[in-house]
Amino acid sequence: MLRVTESVNKVLLAVCVAAGLLLASGLATAQNADNSVDAELAERIKAGRAVFENRRKGNCLSCHLVIGSELPGNAGPPLIGMQARWPDRKALKAQVYDPTIANPNTIMPPYGLHRILTEEELDVLVDYVLSL
Ligand code: HEC
């Protein structure tokens, strides 16, 4: 009887250890996935910021204030609280692609329509703007 209990205990222990390992590896995988998504987004935001600030690309600072920016212009509204104000990413991209749709008399250049920026540049730019 004692031997049976002992071997049952061993099996239970083995099952617990296996479950623990599975759980730990599952958590580790989820964690890695999150970290790499964060890292990828951080890279895109960085690339978008470069497009935003580059005078030969977005040159957005010449008209828009961004918190912490140096010598911003004020021809356009300050870009703050963007995620709350632009919950629809597509609408934000469309605004940068062709602002004349919302306002035919705008002074903001149509970055996509006039091929000032590429699709890839527009996409990382939108990631950056949504981080503001
Ligand atoms: C020549 C000035 C000018 C430049 C350069 C410019 N904008 Fe604008 N932008 C404006 C003006 C003015 C508005 C106000 C709306 C309008 O005129 O239709 C505006 C509006 C916006 C809006 C919507 C308003 C809001 O508060 O959310 C966004 C987003 C935006 N601009 C992003 C950008 C980005 C990103 C760039 C660079 C790729 C850029 N703008 C470059 C002038 C400019």
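Note: the structure precedes this text.
Rules behind the numbers
Residues numbered from 1 in each chain as written. Predicted model: local features only at pLDDT ≥ 70, side-chain atom pairs only at ≥ 80, totals over all residues. Helix = DSSP H or I, 4+ residues; strand = E, 2+ residues; numbered from the N terminus. Expected span 1.5 Å × (residues − 1). Buried ≥ 20, exposed ≤ 12 C-beta atoms within 10 Å, placed from the backbone. Core = buried A, V, L, I, M, F, W, Y, C linked by C-beta atoms within 7 Å. Contact = placed C-beta atoms within 7 Å. Near = placed C-beta within 6 Å. Nonpolar A, V, L, I, M, F, W, Y, C, P; charged D, E, K, R; others polar.

J.: How should helix α4 (residues 119–130) be read in this particular structure?
T.: In an α-helix, one turn spans 3.6 residues, which is why side chains three or four residues apart end up on the same side. Between the first and last C-alpha of α4 there are 16 Å, a value that for 12 residues agrees with the 16 Å anticipated at 1.5 Å per step. Restricting attention to buried positions, one finds in α4 the residues Glu121, Val124, Leu125, Val126, Asp127, Tyr128 and Val129.

J.: Honestly, the nonpolar core in this entry has me stumped. Any pointers?
T.: Note that soluble globular proteins tend to have their nonpolar side chains buried in a common cluster. Among the nonpolar cores identified, the biggest contains 12 residues, and these are Val51, Phe52, Cys60, Leu79, Val96, Tyr111, Leu117, Val124, Leu125, Val126, Tyr128 and Val129. Those elements that place two or more of their residues in this core are α1 (2–53) and α4. With 5 residues, the single largest contributor to this core is α4. Those residues within four positions of Phe52 in sequence are excluded, and the remaining contacts are Gly58, Cys60, Leu125 and Tyr128.

J.: Any chance you could explain the site of the ligand here in plain terms?
T.: Around the ligand, the surrounding shell holds 24 residues, and the nearest of these are Gly58, Cys60, Cys63, Gly76 and Asn103. Broken down by element, the shell around the ligand gets its largest block of residues, 3 residues, from helix α3 (residues 89–97). Of the residues assigned to the shell around the ligand, the class counts are 15 nonpolar, 8 polar and 1 charged.

J.: What should I look at first to understand the environment of Ala42 in this one?
T.: You can see Ala42 is positioned in helix α1. In sequence terms Ala42 and Tyr128 are 86 residues apart; their C-alpha atoms lie 8.9 Å from each other.

J.: What am I meant to see in unusual backbone geometry here?
T.: Excluding glycine, a negative phi dihedral is what most residues carry, and trans is how most peptide bonds are arranged. Although it is not a glycine, Asn59 adopts a positive phi angle of roughly 50°. Among the structural elements, Asn59 can be located in the loop between α1 and α2 (82–85). Take Asn59: there are 17 C-beta atoms within 10 Å of it, and that puts it in the partly exposed class. Unlike most non-glycine residues, Arg115 shows phi in positive territory, near 55°. Within the element layout of this structure, Arg115 appears in the loop between α3 and α4.

Honestly, that's just the spatial picture; any functional story needs more than this.
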